[in-house]
Amino acid sequence: MADPRFFNRQGPFTLGEIAARVGASLSNPLDSDRRMLDVSPLDTAGGDHLSFLDNPRYLPTFEQSKAGACIVAAKHARRAPTGMALVISDRPYRAYALAAQLYYPVEPLVPAVHAGARVDPTARLGAGIVIGPGAVIEAGATIGRGTSIGANTIVGRNVVIGEECRIGPLVVLSHCEIGDQVTLHPGVKIGQDGFGFAPDPAGHVKVPQLGRVIIGSRCEIGANSTVDRGAGPDTVIGEGCWIDNLVQIGHNVTVGRGCIIVAQSGIAGSTRVGDFVALGAQGGLAGHLTVGSGAQIAAQSGVMHDIPAGETVCGSPAVPIKQYFRQTAILQRLGQKKGTQE
Amino acid sequence: MADPRFFNRQGPFTLGEIAARVGASLSNPLDSDRRMLDVSPLDTAGGDHLSFLDNPRYLPTFEQSKAGACIVAAKHARRAPTGMALVISDRPYRAYALAAQLYYPVEPLVPAVHAGARVDPTARLGAGIVIGPGAVIEAGATIGRGTSIGANTIVGRNVVIGEECRIGPLVVLSHCEIGDQVTLHPGVKIGQDGFGFAPDPAGHVKVPQLGRVIIGSRCEIGANSTVDRGAGPDTVIGEGCWIDNLVQIGHNVTVGRGCIIVAQSGIAGSTRVGDFVALGAQGGLAGHLTVGSGAQIAAQSGVMHDIPAGETVCGSPAVPIKQYFRQTAILQRLGQKKGTQE
Amino acid sequence: MADPRFFNRQGPFTLGEIAARVGASLSNPLDSDRRMLDVSPLDTAGGDHLSFLDNPRYLPTFEQSKAGACIVAAKHARRAPTGMALVISDRPYRAYALAAQLYYPVEPLVPAVHAGARVDPTARLGAGIVIGPGAVIEAGATIGRGTSIGANTIVGRNVVIGEECRIGPLVVLSHCEIGDQVTLHPGVKIGQDGFGFAPDPAGHVKVPQLGRVIIGSRCEIGANSTVDRGAGPDTVIGEGCWIDNLVQIGHNVTVGRGCIIVAQSGIAGSTRVGDFVALGAQGGLAGHLTVGSGAQIAAQSGVMHDIPAGETVCGSPAVPIKQYFRQTAILQRLGQKKGTQE
């Protein structure tokens, strides 16, 4: 189904191979040799396609689906249409992700330093890397084994990039260390000066930004997002964080492991974020705050105070979610009762 | 008036030529041979300048203007100062736009593949195109007749770009098809992975993003905006949409024809937007919603629910505009009545 | 303390030299010959480090600090630990900024036009400039003495850039004049078309954008920010403005001197902003407004009306701050009193 101009499909694979790869089991072991040609959503899948059911609101689609096989939780198995092979998983979306990776793996690199790339002779280049056309690798930079650098990207002086990273085109990196298996999408800017100055009517005075940016392994950062370097301490993004497009991370911010930071949100200077925090789209954290691990911040929220671990907040200014729903309900009621309080 | 270092003015043109071009009529046919040298705003126009009145709040300026000629609705004609030639139109701003295009047409291309551009030999290049210096055109890409590709822009493998497009510098295109007469401003990023993964404390698992981006003809997309490719279905922008700077369009989003999407707004994954919808600056649409044709979403709104066709909503969370005004009025009254409810 | 791979430290300097440079005085003139090796925050500074105390909430850290010397206001001097040399200033953060600049000055340029840069023969290049690899300098552009242009940056036709500017990599400049000592961070886009068109169901009609962008001297603009050119009048940023990352400035906007515009905020078309205005992160100003000098707009505010000089506003829609606090307090109380008004 994926456009073959853009995607190279592997396979087919048997359901036995798939179940083994994704850590699932077959509802009927006799299905083990059935071959699936591709992955596909429930509504477009055919008899040689593997699909998945995760969100229960798609149960009616599941019941009507013509998919040859489907990854599904055990509790929904009985609602499958006749003849559908079932791959049972307690995390069907995760299992689907792994299966789709089987059919559409990351394309292997063809190691090359392209014509027009400008690599300083003091740069250290690992084995099997790609340097795209027009890319600039400055003095002393280190690029780990199996990493690719996109076209026209700039890797600044003494920057360190780990192994098996995918650095997109038109990225700028300076004053930073990047871990292994990091993906930076096109247009990401990392390591520029933070927004630091002493305000002065006679001319604001720049405070030299003397820290770095440290990006942990297995992070992914979306297109045109920006991460400023620290003012003295570093700006730190922990391992396995997923950051969406057009996100701003200010100087001295520290983000823990596995955080999810959605598009167009921002974190102001010196705020400390724990592990597995989720920050919704267009949300903002003010500076110098502490956000506990597992906290969830709804889209468009504006956080002005510390958030305890595990709390969910909404609104601008952000409040705990129960309070937010009461506020919103009251406001909507007031807005509807024309004339009563007016 | 426009700085001649940056703009090449054509003309002069007679009012007869102008009226014919913009679909208007002259209040006094004897003005048909009067020549106008340039276009200019009401307050700075002189006797050989063509101006326009659209917003009635500029009527006092109109009454004082020294413009030689003015495009104006019939109902305001009587308030014109003596001696001003009147070009009567029921859509004065549109007529002005066409007249200004007459004086300042899009500059014709000087076809060339510039030194330093890297064009794969398998790319298909139409007649009369420009490939800017440092641009990279990857294998199998198609660039239609009369299209220009800006300096240091990357056109990825098998990407298709239509005819007479203006693709700015430092753009990245991958996994996409672009229609005809599309304008992409500097820094636009189209076709990168959507924000798709199965959350997992042991490491979020990437869901391969197997769709494309389809951009309709006559779209315009602003500087540094981002459009992610679909996860399986495509991300689709309909014909004639105008998208401003720093906008985020998530994976699987479909936008109809003629929509207006203002700066720094965002549309989350899988949301379906009808035709001629307007989304205000810094507004956000949550994922998996349906927004009917003609809906209007005010700036900074946060839309959490489907919106019927033609409805106007405001606020975060967004509510219908009448309800929003009542909410706001009540809140402001409560805020002023210090002590009464406190 | 700063990573020597990325920062070149100067010095050491005596406290006498430092006090003279930053316009401060020593609490004890006998300290004048004490040498300081580096600058450092209070909590990590050692005996040969200069630190500073600005925000009183760090007084406890100050009392425990092992810094050899500290820049501090006279009123806090008595709380210093024994043996700490005191540099007395009524603006300690500003004085620290100047001291840090002494240790970590902007690196001097090594004038060069790098291989792979494409400079039109009609461009005018001042003395002592740097043109990075892959940069494109178009016909008629002027680059002032001592200015650097980053790698793969595009300087458009007839653009004027002043002296001693630092233009980062992957910047695009067109239709603009840039003053002296301006810093543009990576990915800034200046001078593209504003968002101007006459809406029309048959196809929106572009209004030619015939103005320029004028950036005053000593401005700093953050990564991936965008400034559109005017529609006829110019877009103007006054001297000494500091603009953060991912900010959008619309066409015809005028901003006065010394304004502070924080990340992800936006100013819509034709709005006029006075001097020394502060616009918080993710805030928005609607179009055609007037904001008086010294006004302060809180983060995430949405300004729909003119703001008088000196006023502070918050909220969306924005209201004066006292009113905002009352609104917020009442809302939070209503949200807590479950059942009373429900």
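For the structure, see preceding data.
Residues numbered from 1 in each chain as written. Chains lettered and ligands numbered in written order. Predicted model: local features only at pLDDT ≥ 70, side-chain atom pairs only at ≥ 80, totals over all residues. Heavy atoms only, no water.

Draft legend 1. Expanded view of the pairing of strand β6 (residues 69-72) of chain B. Residue and element names in this part refer to chain B. Side-chain alternation along β6 places Ala-69 and Ile-71 on one buried face and Cys-70 and Val-72 on a second face that is also buried. Relative to β6, strand β5 (residues 49-52) runs parallel, the two being bridged by 3 bridges. Following the sheet pairing, Leu-50 is matched in β6 by Ala-69. The parallel pair β5 and β6, bridged by helix α2 (residues 59-64), forms a crossover whose chirality is right-handed. Relative to strand β7 (residues 85-88), β6 runs parallel, the two being bridged by 4 bridges. What sits directly across from Val-72, in β7, is Ile-88. (Buried < 20%, exposed > 50% of the residue type's maximum accessible area, 1.4 Å probe, protein only. Helix = DSSP H or I, 4+ residues; strand = E, 2+ residues; numbered from the N terminus. Pairing = 2+ DSSP bridges. Right-handed = clockwise from strand over helix to strand, strands pointing away.)

Draft legend 2. A look at the sheet that holds strand β2 (residues 25-26) of chain B. All names here are of chain B. With respect to topology, 5 strands assemble into an open sheet ordered β2-β7-β6-β5-β4, the strand pairing being mixed. The open sheet terminates on both sides in strands that have one partner only, identified here as β2 and β4 (38-39). In this fold helix α3 (residues 92-103) packs onto β4, β5 and β6, with an angle of close to 135° to the strand it touches most, β6. (Contact = heavy atoms within 4.5 Å. Axes fitted to C-alpha atoms, helices over the stretch in contact; angles between N-to-C directions.)

Draft legend 3. Region of interest: the sheet that holds strand β18 (residues 172-173) of chain C. All names here are of chain C. Judged by pairing direction, the sheet is parallel, and its 10 strands sit side by side in the order β9-β12-β15-β18-β21-β26-β29-β32-β35-β38 without closing on themselves. Unpaired on one side and paired on the other, β9 (118-119) and β38 (302-303) mark the two borders of the sheet. Pairing between β9 and strand β12 (residues 136-137): 2 bridges, direction parallel. By the bridge assignment for β12, Val-119 is matched with Ile-137.

Draft legend 4. Quick look at the pattern of salt bridges. Tallied over the full model, the rule gives 54 salt bridges over all chains. The closest approach of N and O atoms between A:Arg212 and A:Glu177, which form a salt bridge, is 3.9 Å. Here A:Arg212, found in the loop between β23 (205-206) and β24 (213-215), pairs with A:Glu177, found in strand β19 (residues 176-178); they are 35 residues apart in sequence, far enough to count as distant. Residue A:Glu177 is classed as partly exposed on the basis of its relative accessible area of 25%. Across the salt bridge formed by C:Glu163 and C:Arg145, the nearest N and O atoms sit 2.5 Å from each other. Here C:Arg145 lies in the loop between β13 (142-143) and β14 (148-149) and C:Glu163 lies in the loop between β16 (160-161) and β17 (166-167), a separation of 18 residues in the sequence. Accessibility expressed as a relative area gives 31% for C:Glu163, which makes it partly exposed. With relative accessibility at 39%, the residue C:Arg145 sits in the partly exposed group. Salt bridges sharing partners connect three or more residues here, namely A:Asp3, A:Arg5, B:Glu177, B:Arg212 and B:Asp234. (Salt bridge = Lys/Arg side-chain N within 4 Å of Asp/Glu carboxyl O.)

Draft legend 5. The arrangement of the interface of chain B and chain A in detail. Listed by partner, the interface residues are 64 residues for chain B and 59 residues for chain A. When chain B packs against chain A, close to 4900 Å² is buried across both sides, 61% of that on carbon and sulfur atoms. Joining chain B to chain A, the criterion identifies 6 salt bridges. The partner of A:Glu220 in a salt bridge is B:Lys206, with the nearest N and O atoms 2.8 Å apart. The tally of links between chain B and chain A comes to 24 residue pairs in polar contact (both at pLDDT 80 or more). Listed by contribution, the elements that provide at least two residues to the side of chain B that touches chain A are β19 (176-178), β22 (197-198), β23 (205-206) and α4 (321-336) of chain B. (Buried area = accessible area lost by both parts, 1.4 Å probe. Polar contact = N/O pair within 3.5 Å; in protein donor to acceptor, adjacent residues only side chain to side chain.)

Draft legend 6. Layout of the side chain of B:Gln264. Along the chain, B:Gln264 falls in the loop between β31 (260-261) and β32 (266-267). Classification of B:Gln264 as buried rests on a relative accessible area of 9%. Here the side chain of B:Gln264 touches C:Leu246 through a polar contact of 3.1 Å, landing on its backbone oxygen.

Draft legend 7. Structural detail: the relation of the copies chain C and chain A. Overlaying chain C with chain A gives an RMSD of 0.0 Å, the required rotation being 120° about an axis along which the chain moves by 0.0 Å. The transformation just described matches what one would write down for a three-fold rotation axis. When you check the interface residues of chain C against chain A, a mere 18% turn up at the interface there too, and the two sides of the contact use different surfaces. (Least-squares fit on C-alpha atoms with pLDDT ≥ 70 in both.)

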